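# Chain and residue survey
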Amino acid sequence: QVQLVESGGGLVQAGGSLRLSCAASGRTSSSYAMGWFRQVPGKEREFVAAIRWSSGLTYYADSVKGRVTISRDKAKSTVYLLMNILKPEDTAVYYCAATIHYSLYLRSVNQYDYWGQGTQVTVSS
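Here goes a summary of the coordinates provided.

About the criteria used
Residues numbered from 1 in each chain as written. Predicted model: local features only at pLDDT ≥ 70, side-chain atom pairs only at ≥ 80, totals over all residues. Heavy atoms only, no water. Phe/Tyr/Trp six-rings, centres within 6.5 Å; stacked < 30°, edge-to-face > 60°. Lys NZ or Arg CZ within 6 Å of the ring centre and 35° of its normal. Core = buried A, V, L, I, M, F, W, Y, C linked by side-chain atoms within 4.5 Å. Buried < 20%, exposed > 50% of the residue type's maximum accessible area, 1.4 Å probe, protein only. Contact = heavy atoms within 4.5 Å. Pairing = 2+ DSSP bridges. Helix = DSSP H or I, 4+ residues; strand = E, 2+ residues; numbered from the N terminus. Axes fitted to C-alpha atoms, helices over the stretch in contact; angles between N-to-C directions.

## Side note on the packing of aromatic side chains
- The final tally for this structure, using the stated rule, is 5 aromatic pairs.
- Through a chain of ring-to-ring contacts, three or more aromatic side chains come together here, namely Phe37, Phe47, Tyr112 and Trp115.
- Lying across the ring of Tyr95, Arg45 places its NZ or CZ 3.8 Å from the centre.
- Over the ring of Trp115 we find Arg45; its NZ or CZ atom is 4.8 Å from the centre of that ring.

## Description of the nonpolar core
- Ranked by internal contacts, the top residues of the largest apolar core, which has 38 residues, are Leu4, Met34, Trp36, Leu81, Met83 and Tyr94.
- Beyond its immediate sequence surroundings of up to four residues, Met83 is in contact with Gly16, Ser17, Leu18, Leu20, Arg67, Val68, Tyr94 and Val121.

## Side note on the sheet that holds strand β7 (residues 68–73)
- Pairing within the open sheet is antiparallel, and its 4 strands lie in the order β1-β3-β8-β7. Edge strands, defined here as strands with exactly one partner in the open sheet, are β1 (2–7) and β7. If you compare each strand with its neighbour and ignore which way they point, the axes differ by 15° on average.
- As defined by bridge partners, β7 adjoins strand β8 (residues 78–83) across 6 bridges and the pair is classed as antiparallel. Note on β8: the bridge partner recorded for Ile70 is Leu81.

## Overview of the environment of Tyr80
- Structurally, the position occupied by Tyr80 is in strand β8.
- Between the alpha carbons of Tyr80 and Ala23 there is a distance of 8.9 Å; along the sequence they are 57 residues apart.
- Apart from residues no more than four positions distant in its own chain, Tyr80 is found in contact with Arg19, Leu20, Ser21, Trp36, Thr69, Ile70, Ser71 and Asp73.

Geometry only, nothing functional implied.
This is the structure in structure tokens:
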């Protein structure tokens, strides 16, 4: 019901900034929340941030809190992840996700119904 396409990834030096975008299509009005996760080869997919579509209430992982901001544009059906003060440890494939169900566990990868293809973020030192 929902298709997600990430963009905005690339190579950036440590200390720099990057803004990722996730364009949603399909039955976007059904979405309850959207989130960003990241994954490094051989590691578990890690929660980064989430936002409730209607209210705009946000959630952040402790590892990125204070450095990233998640936001959404309802008119454009797009969510953003602004990342500042990037570190080499932020290097990963970043995935956008959406859930159509109410959930109190938006930090869990298992709560999401739809996923984008991912966009690579590489932070050089």
